[in-house]
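# Descriptive analysis of the structure
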Amino acid sequence: MAIGQRKIEEQIVYGISRPTGGHRAVNFRLNAPYVQMYGIVKRFPGVLACDHVDFDVRRGEVHALLGENGAGKSTLMRILYGLQQASEGRILRDGAEVTIHSPTDAIRQGIGMIHQHFMLVDTLTVTENVALGLKSSREPLLDLDRVQDGIRELSEAYGLHLDPQAPVWTLSVGERQRVEIMKALYRGAAMLILDEPTAVLTPQEVDELFVTLGYMKDNGYSLVLISHKLQEVLSISDRITVLREGRLVGTVPTEEMTRQELARMMVGREVLLERTREDEVEVGEVRLRLEDVRAQDVAGQPALRGVSLSVQAGEILGLAGISGNGQRELAEAVAGLRPLSGGSVEMDGIYINEWSTSRRTENGLAYIPEERMHDGIVRDFAVSENLVLQEHTSQPFSNGIFLAFDYIAQFSRQLVKDFYIKTPDIRTMTKNLSGGNIQRLILARELSRRPKVLVAAQPTRGIDIGAIEYIYQQLLEQRDTGMATLLISEDLDELLALCDRIAVIYEGKIMGTVDRDETTAEELGLLMAGVNPEKQ
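Now for a quick tour of the structure. Nothing here was measured: the structure is a model prediction, and the numbers come from that model. (Residues numbered from 1 in each chain as written. Predicted model: local features only at pLDDT ≥ 70, side-chain atom pairs only at ≥ 80, totals over all residues. Heavy atoms only, no water.)

## Regarding the overall build of the chain
Filter applied, for reference: Put simply, DSSP H or I for four residues or longer makes a helix, DSSP E for two residues or longer makes a strand, and each gets a number counted from the N terminus. Under the scheme applied here, a residue whose accessible area is under 20% of the maximum for its type counts as buried, over 50% as exposed, and between as partly exposed, the area being computed with a 1.4 Å probe on protein chains only. Areas reported as accessible are Shrake-Rupley estimates using a 1.4 Å probe. Residue values count occlusion only from the protein chains shown.
When helices and strands are tallied, the chain shows 18 helices and 22 strands. Buried positions account for 53% of the 536 residues belonging to the chain. Element-wise, carbon and sulfur atoms account for 48% of the exposed surface of the chain, whose accessible area totals about 24,400 Å².

Now the structure itself:
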């Protein structure tokens with residue numbers, strides 16, 4: 001085969017828009033292996049992140065990659081995308097061994113990656129973002145008209161529905177994700193690695209994304225999906241590979257698996273995924289009440305625009321919303337970390353606007369912050385020091401100006417045991433723990449004080465299924481004891497599993513509050529997008 005002809009076929013397989021020709025959607029050697037990884041080993045100091053892992057992706061398939069935090073899945077994909085180098089092992093593309101030292105090398109091999117946190121410039125248009133980093137075909141300026149035409153072709157072919165001239169700052173979260181996909185497709189990716197692609201999307205946007213992925217799959221693209229949402233994995237993937245502690249557990253056809261079986265493969269034991277009880281707990285008096293609460297964000301712009309809600313004793317009230325609609329500001333306002341510009345916050349009927357965070361804590365408020373590494377712990381403190389962070393100045397943790405080290409050690413060991421915190425020792429620096437164990441530490445510290453009110457902001461974000469199961473169990477147990485919980489989450493499955501009522505916030509306003517048993521993910525998704533179904 002002539003070099004020119006081979007180049008043309010490569011362009012067809014990649015499904016790209018080139019200056020020399022238009023985009024063509026094709027079915028080319030469907031189900032043939034596109035990328036194969038053999039015996040991949042990755043060593044870090046003191047850690048074997050990948051232990052002789054085999055993984056392959058076929059043309060025209062969605063291959064899901066699952067595992068707990070630290071299982072090695074992100075390391076494996078970072079090696080494939082050139083962000084890290086393997087200690088041992090081989091990578092083949094179309095049966096030929098290749099070397100990938102950087103993302104640039106990966107793109108040359110037709111491999112693109114869509115990161116969970118988008119890498120876009122808000123002030124530029126869709127076309128300008130796609131063009132960033134491309135070589136100019138018309139010196140000295142890049143031919144933006146050609147890029148724009150290519151975007152329109154790809155949008156039409158794969159249902160991406162993008163306006164090439166729209167500034168990125170005007171786009172929804174789902175549309176921004178499409179821009180990231182467009183960037184990879186325009187650069188010639190025949191394979192996409194999608195890292196938690198649905199984490200920040202509404203159910204409607206998830207449906208739209210899956211339609212796009214379906215188009216791509218039908219046209220021969222190879223897709224790797226990293227996700228912790230097992231139901232989505234089962235609905236979209238063709239095969240599933242599970243890693244545990246750096247080793248390959250197995251690769252299985254999706255049609256043969258259930259959520260329970262996948263969870264067992266990931267954790268190595270039975271995992272309780274559903275709500276543990278269906279009988280209603282008798283709720284008590286209102287423990288937390290917000291009336292017309294207003295607050296500003298860090299830029300001084302309105303973030304909360306008259307929020308009113310209440311949480312009763314023995315109730316879990318969920319707060320749903322797409323990231324950036326005021327959830328963080330609301331949690332900080334209740335915790336006393338953000339001043340109000342209007343409205344009131346009450347605990348047990350007492351006005352607490354002027355109370356400090358420490359006074360709120362002393363009077364029964366517990367807070368699990370969204371950014372656990374930044375706001376929840378002191379990274380360079382030991383596990384024991386973080387466990388008594390809020391109470392170390394009071395008895396029995398201290399005696400006057402002296403800390404009671406023996407009691408602190410005894411107390412910390414008991415919490416580590418009770419909350420199954422995996423740590424070599426209570427003197428271990430907290431920054432060396434996994435995300436799930438840091439979250440268990442924060443939960444242990446907050447719940448050990450037996451609070452009346454708990455504000456939990458994204459308590460399961462970025463942690464593995466074993467830690468998620470444990471946090472669910474703790475929240476439900478505390479609910480049964482009469483604690484009032486405000487659970488802020490972007491995971492609708494989580495909210496529908498745990499909450500008694502769910503409020504939806506959009507652009508700093510409460511769109512509505514619904515009973516868990518009388519709503520659906522679709523209804524919540526519309527409210528999250530600012531649409532009230534009752535007014536349609």
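## Examining the nonpolar core
Keep this limit in mind: Nine residue types can take part in a nonpolar core, namely buried Ala, Val, Leu, Ile, Met, Phe, Trp, Tyr and Cys, and a core is a set of them joined through side-chain atoms within 4.5 Å. By definition, residues are in contact when any of their heavy atoms lie within 4.5 Å.
Residues L185, L192, M216 and I240 are the most contacted members of the largest nonpolar core, which totals 50 residues. In terms of residue count, the dominant contributor to this core is helix 6 (residues 173-186) (six residues). If we ignore the near neighbours within four places in the chain, the residues touching L192 are G112, I114, I181, A184, L185, M216, S222, L223 and V224. Counting 49 residues, the second largest nonpolar core, distinct from the first, contains F397, Y470, M483 and A521.

## What to know about the environment of E97
Within the element layout of this structure, E97 appears in strand 5 (residues 96-98). Considered as a pair, E97 and V35 are 62 residues apart in the sequence and their alpha carbons are 9.7 Å apart. Discounting residues that sit within four places of it in the chain, E97 has contacts with R90, I91 and L92.

## A look at helix 9 (residues 259-267)
Of all the positions in helix 9, only L262, A263, M265, M266 and V267 are classed as buried. Looking at the buried positions of helix 9, the neighbouring elements they touch are strand 3 (61-66), helix 8 (230-236), strand 9 (239-244), strand 10 (247-253) and helix 16 (465-480).

## Structural notes on unusual backbone geometry
In the Ramachandran plot, D292 falls in the positive-phi region, its phi being about 50° despite a non-glycine side chain. Inspection of the secondary structure assignment puts D292 in strand 11 (residues 286-296). With a phi close to 50°, R450 is a non-glycine residue in the positive phi region. One can find R450 in the loop between helix 15 (435-447) and strand 19 (453-457).

## Some words on the sheet that holds strand 4 (residues 88-93)
Formally: Any two strands with at least two DSSP-identified bridges between them are counted as paired. Helix axes use the C-alpha atoms of the stretch in contact, all axes being lines fitted to C-alpha atoms, and the angles between their N-to-C directions lie in the range 0 to 180 degrees.
An order of 2-1-4-5 is seen for the four strands of this open sheet, with the pairing classed as antiparallel. Each of the sheet's edge strands pairs with one partner strand only, and the pair in question is strand 2 (47-58) and strand 5. The mean inter-strand angle of the sheet, taken between neighbouring strand axes irrespective of direction, is 25°. Here five bridges tie strand 1 (residues 33-44) to strand 4, and the two strands are oriented antiparallel to one another. Each residue of the ladder has a partner; that of M37, found in strand 4, is I91. Of the strands in this sheet, strand 1, strand 2 and strand 4 touch helix 2 (residues 73-80), which is tilted by about 115° from strand 1.

## Section: the packing of aromatic side chains
The cut-off we apply is this: Each pair of aromatic rings taken from Phe, Tyr and Trp, with Trp reduced to its six-membered ring, is defined by centres within 6.5 Å and is described as stacked if the planes are under 30 degrees apart, edge-to-face if over 60, and tilted in the remaining cases.
Counting across every chain of the model gives four aromatic pairs. With centroids separated by 6.4 Å and ring planes inclined at 20°, the aromatic side chains of Y407 and F411 adopt a geometry described as stacked. Taken as a pair, Y407 and F411 lie in helix 14 (residues 405-418) at a separation of four residues, close to a single helical turn. When its relative accessible area of 16% is taken as the criterion, F411 is described as buried. Plain terms: the ring middles of Y420 and Y470 are 5.7 Å apart, the flat faces sit at 80° to each other, and that makes the pair edge-to-face. Placement of Y420 in the loop between helix 14 and helix 15 and of Y470 in helix 16 is noted, with a sequence separation of 50 residues between them. With relative accessibility at 7%, the residue Y470 sits in the buried group. Grouped by ring-pair contacts, the aromatic residues F419, Y420 and Y470 constitute a single cluster.

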